[in-house]
Amino acid sequence: MNNPHTPAPTRSRPAIEVDVVMRREPVSGPMSRWQPFRWVLADVLLRGSPDETGPEGEEHDHEPQAVEPVEAATGAANGDTTHWLFPRFRVMLFRDDAEGYFLNLSSPNPCFWVFWRADEARLLDGEPMAVPQIVTLSYHDAGRWLDAQERVDQVPAAPEVVDWMRGFVDATYQPEPKRRQRPESFKPLTDRFGQPVRISTEKLRGGGQPPRP
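Reading guide: rules and limits
Residues numbered from 1 in each chain as written. Predicted model: local features only at pLDDT ≥ 70, side-chain atom pairs only at ≥ 80, totals over all residues. Heavy atoms only, no water. Helix = DSSP H or I, 4+ residues; strand = E, 2+ residues; numbered from the N terminus. Buried < 20%, exposed > 50% of the residue type's maximum accessible area, 1.4 Å probe, protein only. Contact = heavy atoms within 4.5 Å. Arc of directions from axis to C-beta. Salt bridge = Lys/Arg side-chain N within 4 Å of Asp/Glu carboxyl O. Pairing = 2+ DSSP bridges. Axes fitted to C-alpha atoms, helices over the stretch in contact; angles between N-to-C directions. Core = buried A, V, L, I, M, F, W, Y, C linked by side-chain atoms within 4.5 Å.

Turning our attention to the overall build of the protein chain. Helix and strand counts for the protein chain stand at three helices and seven strands. Listing each helix as α and each strand as β along the protein chain from the N terminus yields β-β-β-β-α-β-β-α-β-α. Relative to its 213 residues, the protein chain shows a buried fraction of 31%. Considering only contacts within the protein chain whose residues lie at least 6 apart along the sequence, 69% involve residues at least 24 apart.

Of the positions making up helix H1 (residues 98–106), those classed as buried are Ala 98, Gly 100, Tyr 101, Asn 104 and Leu 105. Here the buried residues of H1 occupy an arc of 160 degrees about the axis, which is enough to place them on one side.

The next thing to look at is the pattern of salt bridges. Per the stated rule, a full pass over the model turns up 12 salt bridges. Between Glu 25 and Arg 23 there is a salt bridge, with the nearest N and O atoms lying 2.8 Å from each other. Put simply, Asp 125 and Arg 24 hold a salt bridge, and the shortest N to O gap is 3.5 Å. Highlighted residues: Asp 125 in the loop between strand E5 (111–124) and strand E6 (127–136) and Arg 24 in strand E1 (residues 15–26), separated in sequence by 101 residues.

Right, let's talk about the sheet that holds E1 for a bit. Overall, antiparallel pairing links the four strands, which are arranged E2-E1-E4-E3 in an open sheet. Lying at the two open borders of the sheet, with one neighbouring strand each, are strand E2 (37–46) and strand E3 (65–67). Recorded for the sheet is a direction-independent mean angle of 40 degrees between the axes of neighbouring strands. The sheet contact formed by E3 and strand E4 (residues 82–92) spans three bridges and is antiparallel. By the bridge assignment for E4, Ala 66 is matched with Trp 84. Helix H3 (residues 159–172) contacts E1, E2 and E4 of the sheet and is inclined by roughly 135 degrees relative to E1.

It is worth spelling out the nonpolar core at this point. In this structure, Val 18, Met 22, Trp 39, Val 44, Phe 112, Val 135 and Leu 137 are the most contacted members of the largest nonpolar core, which totals 33 residues. The set of elements that each furnish at least two residues to this core consists of E1, E2, E4, H1, E5, E6 and H3. By residue number, the principal contributor to this core is H3, which donates six residues. Contact partners of Val 44, with chain neighbours within four places excluded, come to Val 18, Asp 19, Phe 112, Val 114, Val 135 and Val 155. In terms of nonpolar packing, the next biggest core, distinct from the first, is built from six residues, Cys 111, Phe 115, Ala 142 and Trp 145 among them.

Next comes the structure, spelled out in structure tokens:
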């Protein structure tokens, strides 16, 4: 017999784990006098399928490590450019934000958004390192961060991530029905003072004057 005081197990939200790669590259032109390097989002890499994602609440260390990009093997990468991988960010899908994922899917290139900050406590060559804070697939999350003037970059999401997000949206998102607009002919007529206007349907008498009451 079940104990009535035993709490029911909580269902974990759909989630995946990703690694974030930030790129530090030299700045060219006059701006280089004040800012020799800049940070940009290079990639978001899927670690595994949703079934392979650990339980919600697990804490992971995002300690960065220097990595060599694939294009470096072809000699295309600048020698002053470095890449840093921040591992194991959890990306969750929330039912109450299904519209945010729907809007992402509706864009030409569904993507990840990464909110990052310059960390004054973590320096690279005496300069603050760009440290990712949150990774999301929600259009609404990205909009709120940008409205708050935070640093947000985006990269295209892998096809398997897009398919996973689409399956969630198909199962949870119900667009609000559009309200039928009232035809213009049914709107009340008012004069320039906002007072209702009375319209007479009687024919005008000779001379164009309206009939007297």
